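So the chains spell out like this:
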Amino acid sequence: MRVLAVARNTFREAVRDKVLYVLLLFAAAAIFGSKALGWISIGQDIKIVKDLSLAAVSVFGVLIAIFVGTNLVYKEIDKRTIYTILCRPMHRWEFILGKYLGLAALLALVTAVMVLVAAVYVVVLGGSLDATFFLAGLLIGWQLLLITALAVLLSALTSPILGAIIVFSTYVVGHATTIFTELPPHFDGTATKRVLQAVYYIIPNFSNFDIRAEAANGVPVAPGYILWAMAYGAVYTAVLLIIASLAFQDKDV
Amino acid sequence: MIARRLLTGVLAVAIGFACCVAAQRQMDASRKTGFDEELLYLPNEKLLNHFTGGLSSVVADLLWLQCIQYTAEEFKGEHKYVWLNHMIDTITRLDPYFVDVYRYGGVFLAALKADSDASIDLMKRGMIHNPGAWVLPYEMAMVYLLNRRENPGSPAQAAQFLQLAVATGTAPQYVIDLAANIARQHDLDEFERAMWEDMARNSSEKMLRELAQRKLHELAIADVCRQLGKAVQLYEERHHRLPDSLNDLVAGGIIERLPDDPLGGRFFLAGREVLNTTLQEEKLERRINRIRNGVNRYQARTGAWPPSLEAAVEGGDLVFVPPHPYPGRAWRYDPATGEVEGGSAPEL
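Residues numbered from 1 in each chain as written. Chains lettered and ligands numbered in written order. Predicted model: local features only at pLDDT ≥ 70, side-chain atom pairs only at ≥ 80, totals over all residues. Heavy atoms only, no water.

Novice: Can you lay out the overall build of chain A for me, pointing to particular residues and giving the numbers?
Specialist: Within chain A, the secondary structure is distributed over eleven helices and zero strands. Helices and strands appear in chain A in the N-to-C order α-α-α-α-α-α-α-α-α-α-α. When the 253 residues of chain A are sorted by exposure, 49% land in the buried category. A separation threshold of at least 6 residues defines the contact pool for chain A, and within that pool the share at least 24 residues apart is 79%. Accessible surface for chain A amounts to roughly 11700 Å². Of this, 72% is attributable to carbon and sulfur atoms. (Helix = DSSP H or I, 4+ residues; strand = E, 2+ residues; numbered from the N terminus. Buried < 20%, exposed > 50% of the residue type's maximum accessible area, 1.4 Å probe, protein only. Contact = heavy atoms within 4.5 Å. Areas by Shrake-Rupley, 256 points an atom, 1.4 Å probe, with all protein chains shown as cover.)

Novice: Explain the packing of aromatic side chains to me, using residue names and the numbers behind them.
Specialist: For the structure shown, the criterion picks out 16 aromatic pairs over all chains. Centre to centre, the rings of Tyr-144 of chain B and Phe-161 of chain B are 5.7 Å apart; their planes meet at 10°, and the pair counts as stacked. Of this pair, Tyr-144 of chain B sits in helix H8 (residues 135-147) while Phe-161 of chain B sits in helix H9 (residues 154-167); the two residues are 17 residues apart in sequence, bridging distant segments of the chain. Here the two residues Tyr-144 of chain B and Phe-161 of chain B agree in accessibility, since each one is buried. One aromatic cluster in this structure is built from Phe-168, Tyr-171 and Phe-206 of chain A. The positively charged end of Arg-92 of chain A is found above the aromatic ring belonging to Phe-248 of chain A, 5.3 Å away from the centroid. Across from the ring centre of Tyr-298 of chain B, 5.3 Å away, lies the NZ or CZ of Arg-301 of chain B, which sits over that ring. (Phe/Tyr/Trp six-rings, centres within 6.5 Å; stacked < 30°, edge-to-face > 60°. Lys NZ or Arg CZ within 6 Å of the ring centre and 35° of its normal.)

Novice: So what about the interface of chain B and chain A? Which residues, and what values?
Specialist: Contact residues are listed per partner, giving 23 residues for chain B and 28 residues for chain A. Carbon and sulfur atoms make up 64% of the surface buried where chain B meets chain A, a total of about 2200 Å² over both sides. On the chain B side of the interface with chain A, the three residues burying the most area are His-50, Leu-65 and Tyr-97 of chain B, jointly 27% of the side's total. Inspection of the chain B/chain A interface yields two salt bridges. Between Asp-61 of chain B and Lys-47 of chain A there is a salt bridge whose closest N-O contact spans 2.7 Å. Counting every contact that joins chain B to chain A gives eight residue pairs in polar contact (both at pLDDT 80 or more). Here the side of chain B that touches chain A is composed, by residue class, of 13 nonpolar, five polar and five charged. (Buried area = accessible area lost by both parts, 1.4 Å probe. Salt bridge = Lys/Arg side-chain N within 4 Å of Asp/Glu carboxyl O. Polar contact = N/O pair within 3.5 Å; in protein donor to acceptor, adjacent residues only side chain to side chain. Nonpolar A, V, L, I, M, F, W, Y, C, P; charged D, E, K, R; others polar.)

Novice: Please set out the nonpolar core residue by residue, giving values where relevant.
Specialist: The biggest cluster of nonpolar side chains holds 68 residues, and the ones touching the most others in it are Val-73, Phe-95, Ile-147 and Phe-248 of chain A. Counting residues in each nonpolar core, the second largest holds 52 residues, with Cys-67, Trp-83, Tyr-102 and Met-142 of chain B among its members. (Core = buried A, V, L, I, M, F, W, Y, C linked by side-chain atoms within 4.5 Å.)

Novice: For the environment of Arg-286 of chain B, give the residues involved together with the corresponding values.
Specialist: Residue and element names in this part refer to chain B. Here Arg-286 lies in helix H14 (residues 277-302). Taking the relative accessible area as the measure of exposure, Arg-286 reaches 54% and is therefore exposed. It is 10.0 Å that separates the C-alpha atoms of Arg-286 and Pro-322, two residues lying 36 residues apart in sequence.

Dropping the structure here:
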């Protein structure tokens, strides 16, 4: 109940954030403007619109998660409003979880709206949609839940700017984790290879959530894969939230 | 007063913007680089893939648009197309499902750069990633027919690729008709036999040698079926009726004994035609896979299994329902699970 109260409040507060609307405006511009690139293709305009729309949903969703998420806890501490919350009979983990759920609900709503707008735009342009397009939207939303958990963790530990830089870097590296496993043969059996393999598993693998190429090209994706990706995202998110709760438990506010 | 201030503001903005445009044009003219200079720095596709931050398919789109412009520029200019292969390779590695790049890239390479080897390699790679795309084997057949016309084996190879296009189950009717026409004009059996004989002799892979041996046996069985068909014709001419079974051919003295199938199958009579269970089972497997591909496409598109196989045809996911290879038998389709069954070889 207390968690939900914090979540509701966080949702309301985030909805009032102007950054959200600026980013949504850019996302809409990217989705509607994608048709212009299609004009110079040779019949691939719908594919390009699908690609750019899903990329816009993903990129602007990530930016919203980073800019709003890294500010969540820090802002409460900075404005001292956290004292009025923590002096109530509430555990600190409840506060962290409530903050996370509030932003997660907002991101779920924003992602759903952006995917729906993109879908309608594709249909209006004469394209057809299949289940993979919406599954790609689902996995983008799932990826944002993981990024939000990372942003909330860093919001409890560092300043918003440093947090944003770390989350963004993790997002970029999280799409390139295979470089840690594709080593030349002379690394076989070395400690370096074992360390890099450990790094491969530690860094969140965001490419697991990327089925946008399949969605744009109408290639079906196995339901089993979607379930595994969602399970991976849910477990990783839970782990980050536990770490965030533990870190915030003893934090001197 | 307000109108004057507004006019001054608008004028200032317009003049400022015009100056910016003029300055930009000056800079563009002085820094103008050709496609060659730009493409010189196009990084390795593996590196690009790692550092696009999950935007590899968008980068592929942008590179494809640049590739179209580059091709048009070369077509109007020097006709060298030096960077075409590298660009297309990069795009298809960034987005391996981008069928149009394999298709048009293959056409550009074969028709404009006259590099039909690269075109065929590209489209073969495309077929591995997109086995359901009929356009790729179709364009490959066109490369053999149009760009390698002087090569003696080309028409037969084109016929093979047209058969592959038809086998995807999504090829339009004109491709099916073209495949049938070309197959009639060229002795595909001879071409196929030569191909399998070469593989059986020269392949370093044991599995491929065994496959080639099996295919050679199948061709031999098909020959036996044709010979037995002629024997049935002879029996009908002599007795003015069809034989009840192949044993009648032996009893009637037309053949000495029934031939053996080295792959364990049996020959049987179906009307005037002689069929063989090994070959029919092979056909059954291929046709059932073709139907399953169509059913799966319908399910991926709509989220539900088609209520009937005809619904998959109406939805455009299956061009037609292929006939069951055993006469008098029909496909069993379960709309609740999407499972298609053809049953096993009949007791003869």
